[in-house]
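Below are the chains, spelled out letter by letter.
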Amino acid sequence: MKKAIFPGSFDPITNGHYDIIKRGISLFDEVIVAIGVNAEKKYMFSLEQRKQFIEEAFKDSTKVRVITYEGLTIDLCKKEKAEFILRGLRNPADFEFEKAIAHTNRKLSKIETVFLLTAANTSYISSSIVRDVIRNGGDYSVLVPDSVKV
C-alpha cells in the first residue's frame, strides 16, 4: 500500500490544498493529511476546526485520513508506515524552500518527497491570503472548500 503524508498547518485548508489532495489520491492508496501543531505559532482556527474543515471536505473519500501531529514529519512517516511526503508547489520560492526540506528529509530517512504543481487557477491562493480576506470581511468562499465556514 502506497501512503503519503501531506503535512501543513491548513489554517485554513484552501482550494489549492484541496486540489493537491484530490490529485494525490489518484497517485496513492491513502493520503494522510497531517495537521502540524506548533505551540509558537498563532492560528486563526483551532486545531479541531481545521481538522473538521478537512474531514468534511473529504467525507466521501475513503482514501483520505486526517490526523494531527507534533515533531518531525519523517518521524510521523515512520509511525504511519508512509513512504512518501506529498507537497504542493505554487511558485519558484516554494520550490527552493521545499527542496531544502526534501533534501534534509532524504538525508535523515528513506522518505521520498513528491511534488505536485498547483493548478493554474489556484496557484495564487495561500492560507495567509485567506486569513487576511476573512479578517477584513471579504468574500473568502471562492478561495476555500465549502466546508470552511467562519
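All values reported here derive from a predicted model rather than from experimental measurement.

## So, helix H5 (residues 127–135)
- Those residues of H5 that sit buried are Ser127, Val130, Arg131 and Ile134. Within H5, the buried residues cover an arc of 100 degrees as seen down the axis, which keeps them to one side.
- The elements touched by buried residues of H5 are helix H1 (15–24).
- Where H5 ends, the next residue or the one after it, Gly137, has phi of about 75 degrees, a positive value.

## What to know about the nonpolar core
- Counting 28 residues, the largest nonpolar core has Ile21, Val31, Val33, Ile54 and Leu86 as the members making the most contacts within it.
- If you list the elements that add at least two residues to this core, you get strand S1 (3–8), H1, strand S2 (30–36), helix H2 (47–57), strand S3 (64–69), strand S4 (84–89) and H5.
- Listed in part, the 11 residues of the second largest apolar core include Ile67, Ala82, Ile85 and Ile111.

## Side note on the packing of aromatic side chains
- In total, this model carries 5 aromatic pairs according to the counting rule given.
- Ring centres of Tyr18 and Phe58 lie 4.8 Å apart, and the angle between their planes is 25 degrees; this geometry places the pair in the stacked category. Of the two residues, Tyr18 sits in helix H1 while Phe58 sits in the loop between H2 and S3, which places them 40 residues apart along the sequence.
- Judged by relative accessible area, which is 5%, Phe58 ranks as buried.
- Relative to Phe84, the ring of Phe28 lies with its centre 5.3 Å away and its plane at 50 degrees, an arrangement referred to as tilted. Note that Phe28 is positioned in the loop between H1 and S2 and Phe84 in strand S4, a separation of 56 residues in sequence.
- Sitting over the ring of Tyr43, Arg50 keeps its end group 3.9 Å from the ring centre.

## Some points on the pairing of strand S5 (residues 112–117)
- In this structure, S4 lies alongside S5, joined through 6 bridges in parallel fashion. Across the sheet, Leu89 pairs through a bridge with Leu117, a residue of S5.
- A crossover connection joins S4 to the parallel S5 through helix H4 (residues 92–108); in handedness this β-α-β unit is right-handed.

Conventions used here
- Position numbers for residues count from 1 along each chain, tracking the sequence in the order it is written.
- Residues qualify for local features only when their pLDDT is at least 70, as the model is predicted, and side-chain atom pairs are given and counted only at 80 or more; totals for whole chains, interfaces and linings, by contrast, use all residues.
- Neither water nor hydrogens contribute to the side-chain values; these are computed over all heavy atoms in the structure.
- Each residue is placed in one exposure class: buried if its accessible area under a 1.4 Å probe, protein chains only, is under 20% of its type's maximum, exposed if it is over 50%, and partly exposed if it falls in between.
- Helix and strand assignments follow DSSP, with helices taken as H or I runs no shorter than four residues and strands as E runs no shorter than two, numbered in order from the N terminus.
- The arc in question is the one traced by the directions running from the helix axis out to the C-beta atoms.
- We call two residues contacting when some pair of their heavy atoms lies within 4.5 Å.
- Nine residue types can take part in a nonpolar core, namely buried Ala, Val, Leu, Ile, Met, Phe, Trp, Tyr and Cys, and a core is a set of them joined through side-chain atoms within 4.5 Å.
- Only the six-membered ring of Trp is used, alongside the rings of Phe and Tyr, when aromatic pairs are assigned; centres must lie within 6.5 Å, and planes under 30 degrees apart are stacked while those over 60 apart are edge-to-face, with the rest tilted.
- Here, a charge over a ring is recorded when the distance from Lys NZ or Arg CZ to the ring centre is within 6 Å and its angle to the ring normal is within 35 degrees.
- By this definition, two strands are paired if DSSP reports at least two bridges between them.
- Handedness of a crossover is defined as follows: orient the strands so they point away from the viewer, and if the path from the first strand over the helix to the second runs clockwise, the crossover is right-handed.

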